Amino acid sequence: MTNDEKILAELKEIFIETLGHDNFELDGNTTANDVDGWDSVTHMMLINEVEKKYDMKFSLMDLMSLEKVADLVKAIEQRQS
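Going by what an unreviewed UniProt entry lists, the protein is known as Acyl carrier protein and is assigned to Flagellimonas abyssi.

Caption draft 1: Region of the structure containing the overall build of the protein. Within the protein one finds four helices and zero strands. Put simply, the protein runs from its N terminus to its C terminus through helices and strands in the order α-α-α-α. Taken against the 2.2 N^0.38 rule, which gives 12 Å for 81 residues, the C-alpha radius of gyration of the protein at 12 Å falls within 12% of a compact globule. Principal-axis analysis of the C-alpha atoms places the extent of the protein at approximately 30 × 30 × 20 Å. Here the protein holds 81 residues, and 33% of them are scored as buried. In the protein, the proportion of contacts linking residues at least 24 apart, taken out of those at least 6 apart, comes to 48%. For the protein, the accessible area works out to roughly 5,300 Å², and carbon and sulfur atoms hold 49% of it. Positive and negative charge centroids in the protein, built from 8 and 18 side chains respectively, lie 6 Å apart.

Caption draft 2: Layout of helix H2 (residues 40-54). Across its 15 residues, H2 extends 21 Å between first and last C-alpha, which sits within 8% of the 21 Å expected from 1.5 Å per residue. Where H2 is concerned, the buried positions are Thr-42, Leu-46, Ile-47, Val-50, Glu-51 and Tyr-54. Next to the buried residues of H2 lie helix H1 (3-19), helix H3 (60-64) and helix H4 (69-80). Its side-chain oxygen placed 3.1 Å from the backbone nitrogen of Val-41, Asp-39 serves as the N-cap of H2. Backbone geometry just after H2 places Asp-55 at a positive phi near 50 degrees.

Caption draft 3: Representation of the nonpolar core within the structure. Core analysis: the biggest nonpolar cluster contains 21 residues, and Leu-11, Phe-15, Val-50, Phe-58, Leu-72 and Ile-76 have the highest contact counts within it. Among the elements of the structure, H1, H2 and H4 are those that each provide at least two residues to this core. Setting aside anything within four residues of it in sequence, one finds Ile-76 in contact with Ile-7, Leu-11, Val-50, Tyr-54, Met-56 and Phe-58.

The rules we used
- Residues numbered from 1 in each chain as written.
- Predicted model: local features only at pLDDT ≥ 70, side-chain atom pairs only at ≥ 80, totals over all residues.
- Heavy atoms only, no water.
- Helix = DSSP H or I, 4+ residues; strand = E, 2+ residues; numbered from the N terminus.
- Rg over C-alpha atoms; globule rule 2.2 N^0.38 Å.
- Buried < 20%, exposed > 50% of the residue type's maximum accessible area, 1.4 Å probe, protein only.
- Contact = heavy atoms within 4.5 Å.
- Areas by Shrake-Rupley, 256 points an atom, 1.4 Å probe, with all protein chains shown as cover.
- Lys, Arg positive; Asp, Glu negative; His and termini not counted.
- Charge placed at Lys NZ, Arg CZ, Asp CG, Glu CD.
- Expected span 1.5 Å × (residues − 1).
- Polar contact = N/O pair within 3.5 Å; in protein donor to acceptor, adjacent residues only side chain to side chain.
- Core = buried A, V, L, I, M, F, W, Y, C linked by side-chain atoms within 4.5 Å.

Listed below in structure tokens is the structure:
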């Protein structure tokens, strides 16, 4: 399992717990429009849970550049290195 795959699997767990369902595919190209219940409020809840899981804080610029899940994975990896 690559680091990307590991992070995606961990993110899927966070998404399922936060959104309360697993009715979605989560891959690098997934966006909020692809997932029922992923709106502006749950987006901030997801980011909060990701920051707790990985013990990091995203800057406003980081958050503004997140367009799809792959961008989130990349942001996590950059902080881990």
